[in-house]
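Fold and geometry: a report
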Amino acid sequence: MESRFPPISTMASFVEFFQKGKTFRPKKKFEPGTLRYSLHKTAQASLNSGLNFIEAVKLPRGEQLADWIAVHVVDFFNRINLIYGTITDYCNEDSCPRMSGGPKYEYLWADGKKYKKPTPLPAPKYVSHLMDWTEAQINNEEIFPVKTDVPFPKNFIPTCKKILTRLFRVFVHVYIHHFDRLVAIGAEAHVNTCYKHFYYFVTEFELVSQKEFEPLADLTRRICHQSSYPPSYPDRGR
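Read on for a plain summary of the structure. Along each chain, residues carry numbers from 1 onward, in the same order as the chain's sequence is written. Two thresholds apply to this predicted model, a pLDDT of at least 70 for residue-level local features and 80 or more for giving and counting side-chain atom pairs, whereas whole-chain, interface and lining totals are computed over all residues. With hydrogens and water excluded, all non-hydrogen atoms of the structure serve as input to the side-chain values.

Tallying secondary structure elements over the protein gives 8 helices and 0 strands in all. Note on exposure labels: buried denotes an accessible area under 20% of the residue type's maximum, exposed denotes more than 50%, and partly exposed covers the range between, all computed with a 1.4 Å probe on protein chains only. Within the protein, the fraction of its 238 residues that count as buried is 52%. Helix and strand definitions follow DSSP, with helices as H or I runs of at least four residues and strands as E runs of at least two, each counted in order from the N terminus.

Turning next to helix α7 (residues 188-204). Multiplying one less than the number of residues by 1.5 Å gives the expected span of a helix. Taking 1.5 Å per residue as the helical rise, α7 with its 17 residues ought to reach 24 Å, and the 24 Å between its terminal C-alpha atoms agrees with that figure. The buried fraction of α7 is high, at 15 of 17 residues. Looking one or two residues beyond α7, the residue adopting positive phi is Glu206, at roughly 50°.

Another point: the packing of aromatic side chains. Paired rings are identified among Phe, Tyr and Trp, the last through its six-membered ring, by centres lying within 6.5 Å, and are further divided according to the angle between planes into stacked (under 30 degrees), edge-to-face (over 60) and tilted (the rest). Counted according to the given criterion, the structure contains 19 aromatic pairs. For the ring pair Tyr195 and Tyr199, a centre distance of 6.4 Å and an interplane angle of 25° mean the geometry is stacked. Of this pair, Tyr195 and Tyr199 are both found in helix α7, 4 residues apart, which corresponds to roughly one turn of the helix. A single burial state applies to Tyr195 and to Tyr199, both of which are buried. Judged by its relative accessible area of 1%, Tyr199 falls in the buried class. The residue whose ring lies beneath Arg166 is Trp109, and the NZ or CZ to ring-centre distance is 4.3 Å. Consider the ring centre and the ring normal. A charge sits over the ring if Lys NZ or Arg CZ is within 6 Å of that centre and within 35 degrees of that normal. When the ring centre of Trp133 is taken as origin, the NZ or CZ atom of Arg166, which lies over that ring, is 4.5 Å away.

Two side chains carrying opposite charge are able to pair once their charged atoms lie near each other. Definition used for salt bridges: Asp or Glu carboxyl oxygen within 4 Å of a side-chain nitrogen of Lys or Arg. The tally for this structure, following the rule as stated, stands at 4 salt bridges. With its nearest N and O atoms 3.2 Å apart, the salt bridge here joins Arg98 to Glu106. With a relative accessible area of 40%, Arg98 lands in the partly exposed category. Relative accessible area serves as the criterion here: at 40%, Glu106 is assigned to the partly exposed category.

Encoded structure:
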């Protein structure tokens with residue numbers, strides 16, 4: 001019977017594999033000695049230890065949910081940046097004139113500024129705007145406070161939900177339109193590992209609507225082996 005989770009060797013090589021890859025945007029880093037850096041290391045240790053994802057994504061005892069979510073939003077931003085970087089040479093305005101996930105799903109871009117209304121864009125332009133927008137949210141200390149004595153704002157969880165929902169669409173596009181490239185460079189298992197980690201995390205804390213997973217429903221059933229399970233913690237700030 002197929003194992004539910006990848007072997008430790010696969011888990012341990014995941015970060016190393018993508019560290020060698022082409023980055024679409026510069027990686028965001030946590031300052032050593034800070035709470036976020038400590039939580040980031042805790043999350044990385046869980047990922048590399050071979051623990052199953054259902055346990056690895058759970059809020060560590062004594063930690064605050066908002067901090068745990070903030071760390072994962074940044075980590076997923078970095079990893080999905082790297083994943084898209086592996087196929088960026090094959091994703092251009094000619095090959096991908098729309099940001100889509102097959103013929104049934106198209107994603108429109110709106111940011112309330114330059115694009116006030118949902119607008120169809122070529123996939124690379126959509127992803128570029130998405131990464132710039134996400135980076136701006138992460139760097140905004142009014143949304144992602146750096147100091148532990150500064151409370152998270154009321155819009156923190158809604159903002160994280162929007163970030164993670166939009167980042168998920170990069171998974172959709174890459175899997176559906178560039179899967180052959182992932183296989184060709186030997187990245188399939190590593191991207192699957194990242195996807196499973198992302199899926200179990202956002203499901204645990206109800207951060208992405210289940211309807212968003214429809215384009216990858218078959219993939220999710222195949223590699224995650226579990227479509228959903230009750231979240232352990234409600235939305236709450238620090």
